[in-house]
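Structural characterization, general
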Amino acid sequence: MIPEKLKNNSYVLYIAVITLVLFRLLLIAKIPLLDKTEARYAEIARIMWETNKWIVPQIDYGIPFWAKPPLSTWLSAGSYIAFGVNEFASRLPSFLLNIALIVLAGKMVKKSGVSFYLPGFILLTMPEFLIHTGVVSTDTALLFCVTIMMLSFWKTMYDDKKTYWNYLFFVALGLGLLAKGPLIMVLTFPPLFIWCCLEPGRFKALFSKFSIILGFLITVVIAIPWYYLAEKETPGFLDYFIIGEHYKRFVVSGWNGDLYGKPKTQPLGMIWAFMFAFGFPWVQIVFYKIWKNRKLILKDSWISFLVLWLLWTPVFFTISKNILHTYMLPVTIPIMFLMVHWWEDFATKKTLIRMALFFPAVVFIAYFAVFATGKIDFYMNSDKYILEQTMEKKENTTLPIYYWKEKNYSGQFYTNGRAQLIKEASQLDSVFKLNKKLILITLIQRDEAVPKQYLDQMILTESNYKTAIYIRK
């Protein structure tokens, strides 16, 4: 027999949301920082925390990181001050930002009689949003700023008088410039402009309801000082960040100017595949409803607003080959609001709920299955466990640590910045002459590249599927 409470969709949503939030909180504390991207941003924040240099993030000591503004780094570094340097502290800001969006959306829809937990359920069962609820990245901060901007615009346009939403729009714009740069304007201004063009009088309402001059002054005060100080401290930053990261990265296929990695070349239009894969199952349902109601969309200001918000991002990135699946994260919010709007149209809500729980269930099963096998230290894309196992022996804790050819950021993080990089055999020779005992870490595929005369002097002590740790005899 099914308990009476579980026949109530609102109660099921409540249980599901609370469970997913707690499970995600568990993951941010238990899963080690993963290479490359997440561990890289956590290490950048750790260096900022350690060196107390808060203007220009550093990808390694003395090497500026120009690829992204510092907002997410500031948040993680600040979290280290409060909670210490660990996985939980580095991920907590992104977790809290997404929870804040869930609460905000819940309060908005509750006024229309919809369950407070429905937005959270939809978002937390969407793979892209669930993944980023507790991942060290710049994309979560960008999502937060884009969402606040768009909702502030809507609220301001439909309030009879000026409210704090008017000013919040410009605050979010300023923070967005510190989260990921001018991309915040690229993702928000065009759909807002097109939406205003759809109906006479919207531009007049815009200029009468927004404190535009004061608002842009607020944005300037928030964002511009950092850009000025970053360029002053590390000349060349603006050219690389504005031209390289915001133009060449997206329009130049195989752009080789990236200082911090290899360009992610994808087929044209790959953003749509990412959206349909990482927005499952809700994006498929929403597009079905958009097509079914296509003749009515422009007649409803809220639906047209959300549809433009949803479509603009994939349309913009269609012409780009240098993309990641994270680029579809900003559209998770309009997908959710559209799904909430059409929720009452569906007679088989329980079927939707069961289908939506597929991805979280897979993650849940995979997590506990890996733990049950006792092989989590082998399968995780992180050097945390093999480093911990190596350092269990007291005599190893003071040994110098070197990476051969390529350094894993997780190794840099979990050694508190002690790990150094050896790129050439000549450097290896010098290091062996200086140190009677040392730790050499190499990627498995690079083992054979280590000259035999040096490998013969070492013992393999720990390894996982990608990394091996040697100690000199």
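Here's a quick rundown of the structure. (Residues numbered from 1 in each chain as written. Predicted model: local features only at pLDDT ≥ 70, side-chain atom pairs only at ≥ 80, totals over all residues. Heavy atoms only, no water.)

1. A few points about the overall build of the protein
If you tally the helices and strands in the protein, you get 23 helices and seven strands. A compact globule built from 473 residues would reach a C-alpha radius of gyration of about 23 Å, and the protein, at 25 Å, matches this within 12%. For the protein, the C-alpha atoms occupy an extent of roughly 75 × 65 × 40 Å along the three principal directions. Burial status across the protein gives 52% buried among its 473 residues. Residue pairs in contact within the protein that sit at least 24 positions apart in sequence constitute 73% of those at least 6 positions apart. (Helix = DSSP H or I, 4+ residues; strand = E, 2+ residues; numbered from the N terminus. Rg over C-alpha atoms; globule rule 2.2 N^0.38 Å. Buried < 20%, exposed > 50% of the residue type's maximum accessible area, 1.4 Å probe, protein only. Contact = heavy atoms within 4.5 Å.)

2. Let's talk about the environment of Phe193
Its location among the elements puts Phe193 in helix α9 (residues 183-197). For Phe193, a relative accessible area of 48% corresponds to the partly exposed category. Sequence separation of Phe193 and Phe305 is 112 residues, and the distance between their C-alpha atoms is 10 Å.

3. Side note on the packing of helix α13 (residues 270-278) against helix α15 (residues 301-317)
It is at 7 Å that the axes of α13 and α15 come closest, and there the two elements cross at 140°. It follows from the interaxial angle that α13 and α15 lie oblique. Residue-level contacts link Ile271, Trp272 and Met275 of α13 to Leu310, Leu311, Pro314, Val315 and Phe317 of α15. Considered class by class, the residues forming the contact of α13 with α15 number eight nonpolar, no polar and no charged. (Axes fitted to C-alpha atoms, helices over the stretch in contact; angles between N-to-C directions. Parallel < 35°, antiparallel > 145°, perpendicular 65-115°, else oblique. Nonpolar A, V, L, I, M, F, W, Y, C, P; charged D, E, K, R; others polar.)

4. A short note on the state of the cysteines
Taken as a whole, this structure holds zero disulfides when the rule is applied. Left unpaired, Cys196 is separated from the closest cysteine sulfur, that of Cys197, by 7.0 Å. (Disulfide = S-S within 2.5 Å.)

5. Remarks on the sheet that holds strand β6 (residues 458-463)
One open sheet holds the five strands; their spatial order is β4-β3-β5-β7-β6, and the pairing between them is mixed. Only two strands of the sheet have a single partner each, and these edge strands are β4 (420-422) and β6. Neighbouring strand axes in the sheet, compared pairwise and without regard to direction, differ in orientation by 30° on average. Bridge count for strand β3 (residues 401-404) against β4 is three bridges, and the pairing is parallel. Bridged to Tyr402 within β4 is Gln420. (Pairing = 2+ DSSP bridges.)

6. Regarding the side chain of Ser72
For Ser72, the location among the structural elements is in helix α3 (residues 71-83). Those residues in contact with Ser72, other than ones at most four positions away along the chain, are Ser137 and Thr138.

7. Quick word on the pairing of β6
Two strands pair when backbone bridges link them, and β6 and strand β7 (residues 467-472) are joined in this way by five bridges, in the antiparallel orientation. Across the sheet, the residue bridging to Leu460 is Tyr470, located in β7. Between β6 and the antiparallel strand that follows it, β7, lie three residues.

8. Focus on unusual backbone geometry
Following Asp35, the chain continues into Lys36 via a peptide bond in cis, with omega recorded as -5°. Among the secondary structure elements, Lys36 is positioned in the loop between α1 (9-30) and α2 (37-51). With an omega of 0°, the peptide bond between Phe280 and Pro281 qualifies as cis. Tracing the backbone through its elements, the reader meets Pro281 in the loop between α13 and α14 (282-292). The backbone phi angle of Asn416 is positive, close to 55°, even though this residue is not glycine. Along the chain, the position of Asn416 falls in the loop between α21 (409-414) and β4.

9. Let's talk about the nonpolar core
Generally speaking, soluble globular proteins have nonpolar side chains that are buried together. If you look at the biggest cluster of nonpolar residues, it comprises 96 residues, and the most contacted ones within it are Phe153, Trp282, Phe305, Ile333, Phe337, Leu338 and Met339. The next biggest cluster of nonpolar side chains, apart from the first, holds 16 residues, and it includes Ala39, Ala42, Ile44 and Ala67. (Core = buried A, V, L, I, M, F, W, Y, C linked by side-chain atoms within 4.5 Å.)

10. Topic: the pattern of salt bridges
For the structure on display, the rule yields 13 salt bridges. In this structure, Lys452 engages Asp456 in a salt bridge whose closest nitrogen and oxygen atoms are separated by 2.9 Å. Judged by its relative accessible area of 59%, Lys452 is exposed. Taking the relative accessible area as the measure of exposure, Asp456 reaches 42% and is therefore partly exposed. It is possible to trace a salt-bridge network through shared partners that takes in Glu43, Arg46 and Glu50. (Salt bridge = Lys/Arg side-chain N within 4 Å of Asp/Glu carboxyl O.)

11. Digging into the side chain of Ser382
Structurally, the position occupied by Ser382 is in the loop between α19 (376-379) and α20 (384-391). In this structure Ser382 comes out as buried when scored by relative accessible area, which is 1%. Separated by 2.9 Å, the side chain of Ser382 and the backbone oxygen of Leu33 make a polar contact. Non-local contacts of Ser382, meaning those with residues more than four positions away in its chain, are made with Pro32, Leu33, Leu34, Asp35, Ser410, Tyr414, Asn464 and Lys466. (Polar contact = N/O pair within 3.5 Å; in protein donor to acceptor, adjacent residues only side chain to side chain.)

Remember that the coordinates give geometry; whether it matters functionally is a separate question.
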